[in-house]
Protein chains: 4
Amino acid sequence: MIIMRNDATQEQIDQVIKGVKKYGLRVDVSKGRYKTIIGLIGDERKIPFDHFAALPGVKEAVGIEIRYKLISREYSRFAGEMVERRKIKVRNVEIGGDELIIIAGPCAVESKEQLFRIAEEVKKAGAHILRGGIFKPRSSVYSFQGLGGEGWEEAVGASQWLQKAGEMFDMPVVTEIRGEAQVDLVAEYADILQIGARNMYNQDLLAKVAKKKKPVLFKRHFGASIEEFLSFAEYIAAEGNKDIILCERGIIPIGKGKEYTRYTLDLASVPAIQKETYLPVFVDPSHATGRRDLIFNMSCASVAAGANGLMIEAHYNPAEALIDGPQALTPDELKDVIVACQEIKKLVVSREVKTKALENEKS
Amino acid sequence: MIIMRNDATQEQIDQVIKGVKKYGLRVDVSKGRYKTIIGLIGDERKIPFDHFAALPGVKEAVGIEIRYKLISREYSRFAGEMVERRKIKVRNVEIGGDELIIIAGPCAVESKEQLFRIAEEVKKAGAHILRGGIFKPRSSVYSFQGLGGEGWEEAVGASQWLQKAGEMFDMPVVTEIRGEAQVDLVAEYADILQIGARNMYNQDLLAKVAKKKKPVLFKRHFGASIEEFLSFAEYIAAEGNKDIILCERGIIPIGKGKEYTRYTLDLASVPAIQKETYLPVFVDPSHATGRRDLIFNMSCASVAAGANGLMIEAHYNPAEALIDGPQALTPDELKDVIVACQEIKKLVVSREVKTKALENEKS
Amino acid sequence: MIIMRNDATQEQIDQVIKGVKKYGLRVDVSKGRYKTIIGLIGDERKIPFDHFAALPGVKEAVGIEIRYKLISREYSRFAGEMVERRKIKVRNVEIGGDELIIIAGPCAVESKEQLFRIAEEVKKAGAHILRGGIFKPRSSVYSFQGLGGEGWEEAVGASQWLQKAGEMFDMPVVTEIRGEAQVDLVAEYADILQIGARNMYNQDLLAKVAKKKKPVLFKRHFGASIEEFLSFAEYIAAEGNKDIILCERGIIPIGKGKEYTRYTLDLASVPAIQKETYLPVFVDPSHATGRRDLIFNMSCASVAAGANGLMIEAHYNPAEALIDGPQALTPDELKDVIVACQEIKKLVVSREVKTKALENEKS
Amino acid sequence: MIIMRNDATQEQIDQVIKGVKKYGLRVDVSKGRYKTIIGLIGDERKIPFDHFAALPGVKEAVGIEIRYKLISREYSRFAGEMVERRKIKVRNVEIGGDELIIIAGPCAVESKEQLFRIAEEVKKAGAHILRGGIFKPRSSVYSFQGLGGEGWEEAVGASQWLQKAGEMFDMPVVTEIRGEAQVDLVAEYADILQIGARNMYNQDLLAKVAKKKKPVLFKRHFGASIEEFLSFAEYIAAEGNKDIILCERGIIPIGKGKEYTRYTLDLASVPAIQKETYLPVFVDPSHATGRRDLIFNMSCASVAAGANGLMIEAHYNPAEALIDGPQALTPDELKDVIVACQEIKKLVVSREVKTKALENEKS
């Protein structure tokens, strides 16, 4: 990280940037009110910081140990203007603000009729964003892999339905990109690009998706620590795309003997991550629990923990869903969840407001 | 399990019990309105069920696979009167009802003055039960082990202070029993006997504590599955003591790299356990997160998930606590938590009432 | 799975295959001495097995639950000729036979000189296959990502060096493919294509790599169960490529407190996997332990557990390696390991021979 | 830790010890050839090290961060005589030397006849120490808990059989102590006192067992890190008993999906622990894998990893064992394992000899 003086000229800044690039690194420039920070992206060990510290206009030049500085609240503070919360606008939905945002829809798009019916119903239930899987990651090559697994034509068709359903019911749409070959197609039709848990460590896919400059819904791998999760989110930010929605979806359960939830929902990760980064954090209670009868409670708990939004699977008839039926809610159940969660969100927000007022008073 | 007919006489019941005991097993007799169930405690494989099925007054005699039947809601249903929720009365506090119960106090009792001051303050903040560790389990033999580690006299003294503080501020008191030699002492002074996470698998301690017939606060081991947790709770119930308060306190975090919470709080275990058993479930966000700045959120989340109560460490001056200072709340912070959690509890309870009304309507 | 009768004609077989394809599935045909088995690849739930069972020439038509049938020893037995061990020939090296195969080389290719010098030295030490990373998966975007991270030209150059080093010192070469865009390049120059632990769940990459019809070195993810590992290996086999070398490289350690190894090497997975599948199993003690001082012991232990080969990082000067220096062996140390492991391999093989002789005697 | 000068008098040493005790700590005095070290047991934070550093005869007075200093090789070095390996003599068996030591016998003592027959057969197969469980820790209160669970008389009887079987077949005997009330009984009859995995964290039991001054076989909990394991071994050493045999028996497996081994045997912990401490390390492949067909391989692997001994369950008829039959070996299979492991042990020892000779040459 190279911090420029208040009075550094653009020329001086450009000179530093040019110097950094000579060493094979890229830069992320944050111009704050009081100072300009040049973040270094790449292997910082190549940089002779002493040399840069001596250049005109440079106030400080230091290596930073943290693995995720571009998405860090702490780091944003150096620029003179700390980013508390990043708000991401997708069509007319604002993610990361005071409103609780609900992503809902079928696990997998199965037909135009199925998708449109669910879209209509989740919209009525109060959802803001429509989900629907086209390329489904599966543990077995013998399972249904989404319409994307049936052929390219089917994938294009399903993508178009998704786009149209979003338009018809006035919701931005999100769907998963499972492999690099799907990036262009999905980015053409979807508003938000999802990277699933199994691909969290797939840095090549992350970079390729990030370059589309659309918001990315980024899920935590079930075997990843929080630090790893944020370090890989940084791969997206390093491509100049900070519109990242982080999503907790459960980690591998511990212990011997029968498990009662599919994964272990790590809800303390929500406030813990929010203290590290300014990015919004969502929770997916459907995949985490794998149990429809736990989703009401765990949705409420997620919001109480501070989640900015929820991602919930819904189906008018969960029993006939081709994938993950046992964890899908009916539209009525979804509405029930949304109403309760919005009440809790109000409590949480009003308390945040009070806390901040107290802090301001003190300082 | 042996189910007696409606019209079985006491004599017939006694004959069956006598028969079971001959095989070296103990019994748990549940007399419901419509039938009497004789639960078998011990190695069921020794029992010739066919022989018992043929005895007069016996309706059914079957082995049960489930590892925790005495504490199971499902099993209680066989007796004709399903136990939905067990309410545990300790002095004037009712655990397991509609009210959120707060256990608060110092991690360790350090002095009479410290304890009394904290007791007074947590009472004012809204706590119902006073905690204070005397025998502290520690990962290092070189750490402070509580006053109980200083000598027997100190242990007795601290136990008496605890009892007196409870009386003075009108709160039942709970403290941990770490080893079998401490059972008599602690049971003399404390209202609720705690078995810590590290002793969850210690079946000899469980049996010895259970026999005291006082409510037991039973914590989940950080490496235990939910099934294991309940299977070991069954060791307590098997001694005829069903006043068990289960407590989730976090499991071992997963992943490589820096962790941001001490343990991973498994909040989905709360409703999952409540569907298996009628026992109340508490959450200890202090030990789970190890971070004071996450306790507000995680307390709210616990209650939203359905917790019957919380166990929170408090200290008038966390910085000077001998153990776990970084996770203790000040009394003011505690009050803040209690107020918010009570609002959420009200939401949760009113929704439960509505759901049950709907269910009754349908049936 | 559809099993044809002994006397089924080619025409009848073709009719069944055509029928299966109509349902959108692919087939894997195994012609054994006594019968022909048509394995189904895809969503078996679409197949009306009763219909197929009634076709001429069909002996049996059944769905199979197992998630990895193509690589299963059990499944191969149905074809009348059980595959005990698959031998994979790469240039003049036979993997999966009685000889212990050593893959060695630098973690990352850093320069032509470094690569050639290490290649020469590991060859002398007794290695059979040369490794060298070009596209390095890294937990931080700020770490050196291999020469492949410097630019495409550098990636091509490094690939060519690797090929030439292999030719000069008469060793097949293996390097990792980290993303789909690298498949064509790497497949042009390398003899064995590696899929790293972080990409184990990346089914799109697996399929694309498999299609190159070159042997695949497939590493287990650090959060994957054995069943998951084999289920994803099946994605490779489902593309018609059964030349898969499985590689155990350690799973996430458990417990709180300081860890003494980077990962936990799951050596019991070696014989456990060998009982499930006929594929060769390698072990990478370098990444698993992350400690040079444990590699001798853990290499010996791997071979004693039954490993078909080892993958070991080596460097003439571990201290100056750009990545993972602390776990690299010097060529002298490598030789020491190879000599000891070959002795143990001899013990293991001679015992297997004896056991098999005894079994044959009995039957 | 307080290091006394070469020329410190006994009086000066006594004065320091007295001073330490005044602060409520205990001491562990190591008199080396060149200096005397006074190790502090208890909460070191109470000690004013500056004050002690100024006492006559004191060379250095420093707090030590390490949680296990009494069992540490590093720490033993300070005393001027580094303990490389501690040899523990039990009757005529030496544990921790160059010979591989085999503990074998039934999982549970079921009858005198069963025990004596197995004892005779494992002796013939080459075992050195006889095992047999009397108090069995079980996950379910409904499972057979060993003869100790049938009543005290049965427990005494079984203990006496064990002692006699050991005498008759000339083997020291080991059995588990599951609770504090069993310490006196077991210590009267057994030569080695076992603390099972589930009790690893049970510091009160550890202290009570340690005081018997008999060798302790101490098993790692399945959820414990290596550091935790050693930190709790230190509880035993802190009672003045350093005759501790550490035993790896598998940790909780990771991942979703079917598991093929009961636990994950962490074999790299063997050499990792041996570099930290001078205590002998055993491996129990029976409990770790839970699979008889993996025990041969995993025993060989354990020895190759450096294990000082193995603990293996054996039964003349595994199918009729009351507990853990599926993992017991027949005496013939046991012999097969012992013969192969002894060959590997010879390889390992001869290499250690060579390495040490080389090191001595250099220095």
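Residues numbered from 1 in each chain as written. Chains lettered and ligands numbered in written order. Predicted model: local features only at pLDDT ≥ 70, side-chain atom pairs only at ≥ 80, totals over all residues. Heavy atoms only, no water.

## Things to note about the interface of chain A and chain B
As a measure of interface size, the accessible area lost when the parts come together is often cited. The test is simple: Only heavy atoms enter the contact rule, under which two residues are in contact if any of them lie within 4.5 Å. Once two parts are joined, some of their accessible surface, as seen by a 1.4 Å probe, is lost; buried area is that loss totalled over both. One side-chain nitrogen of Lys or Arg within 4 Å of one carboxyl oxygen of Asp or Glu is enough to make a salt bridge. As used in this structure description, the phrase polar contact means that two N or O atoms lie within 3.5 Å; if the pair is within protein, one of them must be able to donate a hydrogen and the other to accept it, and residues adjacent in sequence are counted only when both atoms belong to side chains. A helix here means a DSSP run of H or I that spans at least four residues, while a strand means a run of E at least two residues long, and both kinds are numbered starting from the N terminus. Gly is put with the polar residues, along with every residue not named as nonpolar or charged; the nonpolar set is Ala, Val, Leu, Ile, Met, Phe, Trp, Tyr, Cys and Pro, and the charged set is Asp, Glu, Lys and Arg.
The partner chain B presents 44 residues to the 44 residues of chain A that form the contact. Overall, the association of chain A and chain B removes approximately 3700 Å² of surface from exposure, summing both partners, and the carbon and sulfur fraction of that is 64%. On the chain A side of the interface with chain B, the three residues burying the most area are A:Ile254, A:Tyr260 and A:Arg351, jointly 18% of the side's total. Applying the counting rule to chain A against chain B returns 2 salt bridges. A:Asp336 is the salt-bridge partner of B:Arg351, the closest N and O atoms lying 2.6 Å from each other. Counting the contacts that link chain A with chain B gives 10 residue pairs in polar contact (both at pLDDT 80 or more). Mapped by element, the contributors of at least two residues to the side of chain A that touches chain B are α8 (226-237), α9 (269-276), α11 (292-305) and α12 (331-362) of chain A. In terms of residue count, α11(A) provides more of the side of chain A that touches chain B than any other element does, 9 residues in total. Of the residues assigned to the side of chain A that touches chain B, the class counts are 22 nonpolar, 9 polar and 13 charged.

## What to know about the sheet that holds strand β2 (residues 26-31) of chain B
All names here are of chain B. The following threshold applies: At least two bridges found by DSSP between two strands are what make those strands a pair. Axis lines are fitted through C-alpha atoms, for helices just across the contact stretch, and the angle between N-to-C directions can take any value from 0 to 180 degrees.
Across the sheet, which stays open at both edges, the 4 strands sit in the order β2-β3-β1-β4 with antiparallel pairing between neighbours. This sheet does not close on itself; its edge strands, each paired only once, are β2 and β4 (58-61). Averaged over all adjacent pairs, the angle separating strand axes in this sheet is 20 degrees, with direction ignored. As judged from the 6 bridges shared by β2 and strand β3 (residues 36-41), these two strands associate in the antiparallel manner. The partner of aspartate 28 across the bridge, within β3, is glycine 39. Contacting β1 (2-4), β2, β3 and β4, helix α1 (residues 10-22) runs over the sheet at an angle of about 155 degrees to β2.

## Brief notes about a positive patch on the surface
Rule in force here: A residue counts toward a patch only above 30% relative accessible area and without a salt bridge, and it is joined to like-charged neighbours within 9 Å or, for Val, Leu, Ile, Met, Phe, Trp and Tyr, to nonpolar neighbours within 5 Å. Each accessible area value is a Shrake-Rupley result obtained with a 1.4 Å probe; residue values ignore everything except the protein chains displayed when judging cover. His residues and chain termini do not enter the charge count, which takes Lys and Arg as positive and Asp and Glu as negative. Lysine's charge is taken at NZ, arginine's at CZ, aspartate's at CG and glutamate's at CD.
Taken together, the side chains of A:Arg85, A:Lys87, A:Lys275 and A:Lys356 define a basic patch exposed on the protein surface. Following the sequence through the fold, A:Lys356 ends up in helix α12.

## What to know about the side chain of D:Lys256
Which entries qualify depends on this criterion: Relative accessible area decides the class of each residue, using a 1.4 Å probe on protein chains only: under 20% of the type maximum gives buried, over 50% gives exposed, and in between gives partly exposed.
Within the element layout of this structure, D:Lys256 appears in the loop between β12 (244-248) and α9 (269-276). The side chain of D:Lys256 sits in the buried core without any salt bridge; A:Glu259 is the nearest counter-charge, 7.1 Å away. Apart from the residues lying within four places of it in its own chain, the contact partners of D:Lys256 are A:Pro253, A:Thr261, A:Arg262, A:Tyr263, C:Ser225 and C:Glu228.

## Some words on the nonpolar core
What counts is decided by this rule: Nonpolar cores were defined as sets of buried Ala, Val, Leu, Ile, Met, Phe, Trp, Tyr and Cys residues, with membership established by side-chain atoms within 4.5 Å.
One finds A:Phe218, B:Phe218, C:Phe218 and D:Phe218 to be the most contacted residues of the largest nonpolar core, which totals 404 residues. Apart from residues lying up to four places away in sequence, C:Phe218 is in contact with C:Ile195, C:Met200, C:Leu206, C:Phe229, C:Phe232, C:Ala233, C:Ile236, C:Ile244, C:Ile245, C:Leu246 and C:Cys247.

## A closer look at the relation of the copies chain B and chain C
Our working rule: Residues reaching a pLDDT of at least 70 in both copies supply the C-alpha atoms on which the copies are superposed by least squares.
With an RMSD of 0.1 Å, the operation that places chain B on chain C is a rotation of 180 degrees combined with a shift of 0.1 Å along the axis. This pairing of chains is accounted for by a two-fold axis. Residue B:Ile254, judged by its C-alpha, is the member of chain B lying nearest the rotation axis, at 3.9 Å. A share of 100% of interface residues in chain B that are also interface residues in chain C marks the association as one of identical surfaces.

## So, the side chain of D:Ser286
Along the chain, D:Ser286 falls in helix α10 (residues 285-289). Excluding anything up to four places from it in sequence, D:Ser286 contacts D:Arg291, D:Ile295, D:Met311, D:Ile312, D:Glu313 and D:Gln327.

## Side note on the pairing of strand β14 (residues 309-313) of chain D
All names here are of chain D. A large share of β14 lies buried, amounting to 5 of its 5 residues. Here β14 shows two buried faces, one formed by Gly309, Met311 and Glu313 and the other by Leu310 and Ile312. The pairing of strand β7 (residues 101-105) with β14 spans 5 bridges and is classified as parallel. Within the sheet, the bridge partner assigned to glycine 105 lies in β14 and is glutamate 313. Here 2 bridges tie strand β13 (residues 281-283) to β14, and the two strands are oriented parallel to one another. Its bridge partner being in β14, phenylalanine 282 is matched across the sheet by glycine 309.

## Topic: the packing of aromatic side chains
Short version of the rule: For Phe, Tyr and Trp, where Trp contributes only its six-membered ring, two rings pair if their centres lie within 6.5 Å, and the inter-plane angle classes them as stacked under 30 degrees, edge-to-face over 60, or tilted in between. Charge over a ring is defined by NZ of Lys or CZ of Arg lying within 6 Å of the ring centre and within 35 degrees of the ring normal.
Applying the stated criterion across every chain yields a total of 32 aromatic pairs over all chains. Ring geometry for B:Phe218 versus B:Phe229: centroids 5.5 Å apart, planes at 25 degrees, classification stacked. Of the two residues, B:Phe218 sits in strand β11 (residues 216-219) while B:Phe229 sits in helix α8 (residues 226-237), which places them 11 residues apart along the sequence. Three or more aromatic residues joined by ring pairs make a cluster, and in this case those are A:Tyr201, A:Phe232, A:Tyr235, C:Phe222 and C:Tyr263. In this structure, C:Lys69 is placed above the aromatic ring of A:Tyr142, and the distance from its NZ or CZ to the ring centre is 4.4 Å. Between D:Lys112 and the ring centre of D:Phe116, over which it is positioned, the NZ or CZ distance is 5.4 Å.

## Some words on the environment of C:Ala61
Inspection of the secondary structure assignment puts C:Ala61 in strand β4 (residues 58-61). Separated by 210 residues in the primary sequence, C:Ala61 and C:Pro271 place their C-alpha atoms 31 Å from one another.

## Structural notes on the interface of chain B and chain C
Across the contact, 8 residues belong to chain B and 8 residues belong to chain C. Buried area between chain B and chain C, both sides added, is near 560 Å², and the carbon and sulfur share of it is 71%. The three residues of chain B that bury the most area against chain C are B:Ile252, B:Gly255 and B:Lys256, which together make up 71% of that side's buried surface. The interface formed by chain B and chain C contains 0 salt bridges. Residue classes in the side of chain B that touches chain C are distributed as 4 nonpolar, 2 polar and 2 charged.

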